[in-house]
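So you can see what is in the structure, the chains are spelled out below.
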Amino acid sequence: MVENDRWGIFLAHLILIVGVAIVVFPVYVALIASTHAPGTFLQGVMPLLPGSHAIENYSTVIFEGRSNAGAPPIGLMLWNSFVMAMMIAVGKIAISLLSAFAIVYFRFRFRIFFFWIIFITLMLPVEVRIVPTYQVVANLGMLNSYWGLSIPLIASATATFLFRQFFMTVPEEMLEAARVDGAGPLKFFKDILLPLSVTNIAAMFVIMFIYGWNQYLWPLLVTNDEAYYTVVMGIQRMVTGADSEPLWHLVMATVVLAALPPILVILFMQRLFVKGLTETEK
Amino acid sequence: MARIVLDGLSKVYPGGVQAVSDVSLDIADGEMIVLVGPSGCGKSTLLRMVAGLETITGGTLTIGDRVVNGLEPAQRDIAMVFQNYALYPHMTVYNNLAYGLRNQGVDKAEIERRVQEAASMLQIGEYLDRKPRNLSGGQRQRVAMGRALVREPAAFLFDEPLSNLDAKLRVQMRVEIRQLQKRLKTTSLYVTHDQLEALTMADRLVVLNGGRIEQVGTPMELYSKPATVFVAGFIGSPAMNLIDMAYLRDSGIAPQALPSGTDLIGVRPDELLLTAPAEPHLALNGTVALLEPAGAESHIYVTLGGSDQPITVRIAGLPQVTEGAPITLYAALDGLHPFNSASGRRTG
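The model shown is predicted, which means the values in this text are computed figures rather than measured ones. (Residues numbered from 1 in each chain as written. Chains lettered and ligands numbered in written order. Predicted model: local features only at pLDDT ≥ 70, side-chain atom pairs only at ≥ 80, totals over all residues. Heavy atoms only, no water.)

1. Some remarks on the sheet that holds strand β12 (residues 264–267) of chain B
All names here are of chain B. Strand order in the open sheet made by the three strands is β11-β12-β18, with antiparallel pairing throughout. The two strands at the open ends of the sheet, each matched to only one other strand, are β11 (241–244) and β18 (337–339). Neighbour-to-neighbour, the strand axes of this sheet turn through a mean angle of 30 degrees, independent of strand direction. Bridge analysis of β11 against β12 gives four bridges, and the strand direction is antiparallel. (Pairing = 2+ DSSP bridges. Helix = DSSP H or I, 4+ residues; strand = E, 2+ residues; numbered from the N terminus. Axes fitted to C-alpha atoms, helices over the stretch in contact; angles between N-to-C directions.)

2. Side note on the nonpolar core
One finds Tyr105(A), Phe167(A) and Leu6(B) to be the most contacted residues of the largest nonpolar core, which totals 89 residues. When residues no more than four places from it in sequence are discounted, the contact partners of Tyr105(A) are Phe167(A), Val170(A), Leu175(A), Phe188(A) and Leu193(A). Of all hydrophobic cores here, the second largest spans 45 residues; its members include Met32(B), Val81(B), Tyr127(B) and Val231(B). (Core = buried A, V, L, I, M, F, W, Y, C linked by side-chain atoms within 4.5 Å. Buried < 20%, exposed > 50% of the residue type's maximum accessible area, 1.4 Å probe, protein only. Contact = heavy atoms within 4.5 Å.)

3. Examining the interface of chain A and chain B
Contacts between chain A and chain B engage 17 residues on the former and 25 residues on the latter. A salt bridge links Glu176(A) to Arg48(B); the shortest N-O distance between them is 2.6 Å. For the pair chain A and chain B, the interface holds 13 residue pairs in polar contact (both at pLDDT 80 or more). Of all the elements in the fold, those that place two or more residues in the side of chain A that touches chain B are α8 (172–180) and α9 (185–213) of chain A. Ranked by residues supplied to the side of chain A that touches chain B, first place goes to α8(A) with seven residues. Among the residues making up the side of chain A that touches chain B, the classes are represented as eight nonpolar, one polar and eight charged. (Salt bridge = Lys/Arg side-chain N within 4 Å of Asp/Glu carboxyl O. Polar contact = N/O pair within 3.5 Å; in protein donor to acceptor, adjacent residues only side chain to side chain. Nonpolar A, V, L, I, M, F, W, Y, C, P; charged D, E, K, R; others polar.)

4. Regarding the pairing of strand β15 (residues 297–304) of chain B
Residues and elements named next belong to chain B. Pairing between strand β14 (residues 281–294) and β15: eight bridges, direction antiparallel. Note that in β15 the partner of Pro293 across the bridge is Ser298. Connecting the antiparallel pair β14 and β15 is a turn made up of two residues, with Gly295 showing a positive phi of about 80 degrees. The pairing of β15 with strand β16 (residues 310–316) spans seven bridges and is antiparallel. The residue of β16 that forms the bridge with Tyr301 is Thr312. Joining the antiparallel neighbours β15 and β16 is a turn of five residues, in which Gly306 adopts a positive phi near 75 degrees.

5. What to know about the packing of helix α3 (residues 74–105) of chain A against helix α11 (residues 231–240) of chain A
All names here are of chain A. Running from N to C, α3 and α11 point in directions that differ by 140 degrees, and their axes come no closer than 8 Å. By the angle between their axes, α3 is oblique relative to α11. When α3 is examined against α11, the residues Ile74, Met77, Leu78 and Ser81 are found in contact with a partner set consisting of Val231, Val232 and Gly234. A breakdown of the residues in the contact of α3 with α11 according to their chemical character gives five nonpolar, two polar and no charged. (Parallel < 35°, antiparallel > 145°, perpendicular 65-115°, else oblique.)

6. Overview of the domain arrangement of chain A
All names here are of chain A. Each assigned domain of chain A is listed with its residue range as follows: domain 1 (1–64 + 242–260) and domain 2 (72–240). Averaged C-alpha coordinates put domain 1 and domain 2 at centres separated by 32 Å. The interface of domain 1 with domain 2 comprises 13 residues on the first partner and 10 residues on the second. Buried area between domain 1 and domain 2, summed over both chains or domains, comes out near 920 Å², and the portion from carbon and sulfur atoms is 74%. Where domain 1 touches domain 2, the interface holds zero salt bridges. On inspection of domain 1 and its partner domain 2, the count reaches one residue pair in polar contact (both at pLDDT 80 or more). Those elements that place two or more of their residues in the side of domain 1 that touches domain 2 are α2 (54–64) and α12 (248–278). With seven residues, α12 is the largest single contributor of residues to the side of domain 1 that touches domain 2. Looking at side-chain class alone, the side of domain 1 that touches domain 2 contains 11 nonpolar, one polar and one charged residues. (Domains from an automatic or database assignment. Buried area = accessible area lost by both parts, 1.4 Å probe.)

7. With respect to the packing of aromatic side chains
Residues and elements named next belong to chain A. Applying the stated criterion to the full structure yields 25 aromatic pairs over all chains. Each ring, one from Trp116 and one from Phe119, has its centre 5.4 Å from the other, and the planes form 80 degrees; the classification is edge-to-face. Of this pair, Trp116 and Phe119 both sit in helix α4 (residues 111–120), three residues apart, roughly one helical turn. Owing to a relative accessible area of 45%, Trp116 belongs among the partly exposed residues under this scheme. Note on Phe209 and Trp213: the rings are 6.0 Å apart at their centroids and 25 degrees apart in plane angle, and the pair reads as stacked. Here Trp213 and Phe209 lie together in helix α9, a separation of four residues that amounts to about one turn. The two residues Phe209 and Trp213 agree in class, both being buried. Taken together, the aromatic side chains of Phe101, Tyr105, Phe106, Phe163, Phe166, Phe167, Phe188 and Phe189 make up a single cluster linked through ring pairs. Against the face of Phe115 rests Arg164, its NZ or CZ located 4.1 Å from the ring centre. (Phe/Tyr/Trp six-rings, centres within 6.5 Å; stacked < 30°, edge-to-face > 60°. Lys NZ or Arg CZ within 6 Å of the ring centre and 35° of its normal.)

8. Concerning the confidence of the model for chain B
All names here are of chain B. Of the residues in chain B, 100% reach a pLDDT of 70 or more, and the chain-wide mean stands at 91. Strand β3 (residues 32–36) holds the highest mean pLDDT among the elements of chain B, 95, whereas helix α9 (residues 245–250) holds the lowest, 86. We note a pTM of 0.80 for the whole complex and an ipTM of 0.83 for its interfaces. (pLDDT = per-residue confidence, 0-100.)

Rendered as structure tokens:
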């Protein structure tokens, strides 16, 4: 531990405060910007105090949208984002749990080979394989659908690897005790392994939900029907929309609303999340 | 309740390692058999083969009147107590006990009755709502026992269940397990590497070495008439002294009339005396290397004259000897254990 001297503490706090300020400032600017009148930003001076158009701006974003500026009402986009993020998070967790279960508990041929194949896909993020993936999704007729938005992003080496590491720390005797108690593989998985993994699943859910929510490039590619626009790509469309100046006050209001669901997920799952990343006692 | 018959059981691992070779054993209904041996002797593997956790690669295993070679553990009507207890950490004690029964489809009232009965027998009734992590080592041990009890199985299998407890608790649980087993009269197979645990708990003792049975018998049979040098050295503490016949012949004190082929003599530390007995005896001269008082008894480590062979003597009380002083040890001839060192077997 660092010595307990005044200057050390002062310095540490100074660094932390500066760090927080750097991170928080853009968020603050977005929040402020979303409360001003349309013309404010064209003057080139960024106000730092709240304006008086907060209610007006937010109600426009939520209830009316600006279709001429490429922005449908935000509700549908939030819903689309939510569905996509949920499908990705739940799908990733389900598939990763099962594949980690198979890799750890079953002695099948080429087990190690499959593990490495899964592991190597870590090096192939969506952007790298985006053209062939688009081709596959298009051929399957999944453009402009929730399936098309989520399925290609569901396979996850990260989560598989994390669950594998966790399963390997569950004592072998636990499985044997379950076998003696008459539990087959799936019953063992359901009754013993899943309850033990709850905190890990929660941590994974938070990470994967945010990963899904923040997807930008992929939704941009596979949707051109407004009914399937997600909010993150919606923001982009608002900025580049039409040939007018971007409606910054509305863009910022959308940004603030788009940031809320991930924040809520983290707030509600924080306790489990931290436990899942740090807990070792079983 | 069942008889268990092991007929020529063998285990060869895929890599070609032979863990258990040709073990045959007939365990009577209600008998407590203790498998004992050094680490790596195959005793745990053998137990796990009986449990169904390891496949059997040769021989047949019969529990009751069924051949169970190919059956899953749950179908063999056995219950196992694991070394680390293997309690389900997310379940309460009650659910830990009930889990196996639920899987068997036992109805609720019957589960309740059996769990309560086992809990009162093991005095864990007040912990039924707790999670295992809130229990002490001894309590966990009891829960593990309880999980075996509620199954009312044909046989209990214990895999070194006491090795994680401290010395005092170990003695206490040893006594309790044995009393419980005698009361329930359930056939039991108990693995341990602790020879004292083995001697005190067993109806019959099986000493394993290198995957083979060295000797089977009651604890007293094994103690008083070990069939091999290995058993002689393994059972009894301190270990039996083994003296080379060549040394005795060189010293001119080789006893006559030993079975032919004897070239190694075993003497238990407590069969060595400091005063000459009336019957024919052997007298060994040496010097006291160390005196080790241990309360009710003392151990004297003696180096025999003209050799560097250490000899251990166990004597009641605190004998009047000084370290470095010469000493003469006496052993009655009919207390000697004659062995052949080449075959490792007893000669008579």
